Amino acid sequence: MRQPEIQLTPSGQLRHFIDFDGLTTAHLEAILTQANGYLGPQGEIINRPDLAGTTVMNLFFEPSTRTRTTFEVAAKRLSADVINIDIARSSTTKGESLLDMLQNLEAMSADMFVVRHGSSGAARFMAEKVCPTIPIINGGDGWHAHPTQAMLDMLTIQREAPRPFSELSVALIGDIKHSRVARSDIAALKLLGVKDIRVIGPRTLMPKGIERFGVQVFHQMEQGIKDVDVVIALRIQNERLGSALLSTKEEFYKLYGLSEQRLALAKPDAIVMHPGPMNRGVEIASSVADSAQSVILKQVNYGIAVRMAVMAMTHAGQSESAIEQSASEVPL
Ligand code: CP
């Protein structure tokens, strides 16, 4: 028998945000609605005291600019206190386990953990085994998932793409195999009703059997990008260049780089996205990254609103869960 989804309360509210397993279209639409509520008419962030009196702890075991900083900004916009744990100077370097570290931080009254970790499954492990009553938000785990990136991509598409989700063609380009963003984007696009999802890249950077997720696979950029509405360029992981999986930067750009000429094959009103950090001249030309069709910096701003929404919703879900739990313990 399938276990109840740890991310949800018994009544179906979000209480962790780890990946898209067990989530429905309604959950994603609720996140988008709440995120839109934190944006003013010009896309500016609106402060709301939804997390007043709480402490959010950021645990980033891998480097990050956008995710860590926008989580910090988002928590402060919701009136939370934020503590960034300096992993490189923490006692994990002396051999302390993740379990012990979290239990100690819990004893310091942490109300929420945002975690990025190199191991796939780290966030789920924390939610299941370590602190099920504290919201765990996944800021990216291994190749597995980056769900808040996917939701900020969905908010960007909802607000900036020329047509509604059900009418869009969306192409993800580059290193699909190692990309947690690609996995989460595909799951979210499907839940929101996008029918034409394309992945474009060399065979060596394409996960085997990806077609079973309902995407079309292209190894030729000019074919894959034709007439799409949304182009999502993915980061080429420099550590893979020159390996058996990938030749040189120059060779990659020649075959799969998002140039002006290739973008011209997409619909004229197509938008260009990239999760960052970008390798200009490798997966994307500077002239495209900085063009009028690029919404890359809007993605970053929308990331604050999405992270505010996910933090507020998981905090409310855990509070509701605690009330349900104490009600069930009242003797008859
Ligand atoms: N998109 C993204 O995850 O960027 P960072 O690695 O800078 O957080």
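The structure we're discussing is the one just above.
About the thresholds
- Residues numbered from 1 in each chain as written.
- Predicted model: local features only at pLDDT ≥ 70, side-chain atom pairs only at ≥ 80, totals over all residues.
- Heavy atoms only, no water.
- Near = heavy atom within 4 Å.
- Polar contact = N/O pair within 3.5 Å; in protein donor to acceptor, adjacent residues only side chain to side chain.
- Areas by Shrake-Rupley, 256 points an atom, 1.4 Å probe, with all protein chains shown as cover.
- Nonpolar A, V, L, I, M, F, W, Y, C, P; charged D, E, K, R; others polar.
- Domains from an automatic or database assignment.
- Pairing = 2+ DSSP bridges.
- Helix = DSSP H or I, 4+ residues; strand = E, 2+ residues; numbered from the N terminus.
- Axes fitted to C-alpha atoms, helices over the stretch in contact; angles between N-to-C directions.
- Contact = heavy atoms within 4.5 Å.

A. Just the site of the ligand, in detail. Near the ligand the following residues occur: Ser64, Thr65, Arg66, Thr67, Arg116, His146, Gln149, Pro275 and Gly276. Between Ser64 and the ligand, the recorded distance is 2.6 Å, taken from a side-chain N or O atom to an oxygen atom. Here Gly276 contributes a backbone N or O atom positioned 3.2 Å from a nitrogen atom of the ligand. Computed on the free molecule, the ligand has an accessible area of 250 Å², of which 91% lies beneath the protein chains in the complex. Within the shell around the ligand, the residues separate by chemical class into one nonpolar, six polar and two charged. Of the domains in this structure, domain 1 (4–144 + 300–323) and domain 2 (148–299) are the two that each give at least three residues to the shell around the ligand.

B. Expanded view of the sheet that holds strand 4 (residues 136–141). One open sheet holds the four strands; their spatial order is 2-1-3-4, and the pairing between them is parallel. Strand pairing shows two members of the sheet lacking a second neighbour, strand 2 (81–85) and strand 4, which therefore form its edges. Averaged over all pairs of adjacent strands, the angle between their axes in this sheet comes to 15°, without regard to strand direction. Of the strands in this sheet, strand 1 (55–60), strand 2 and strand 3 (112–117) touch helix 3 (residues 98–107), which is tilted by about 160° from strand 1.

By themselves, these are just geometric observations and shouldn't be taken as functional.
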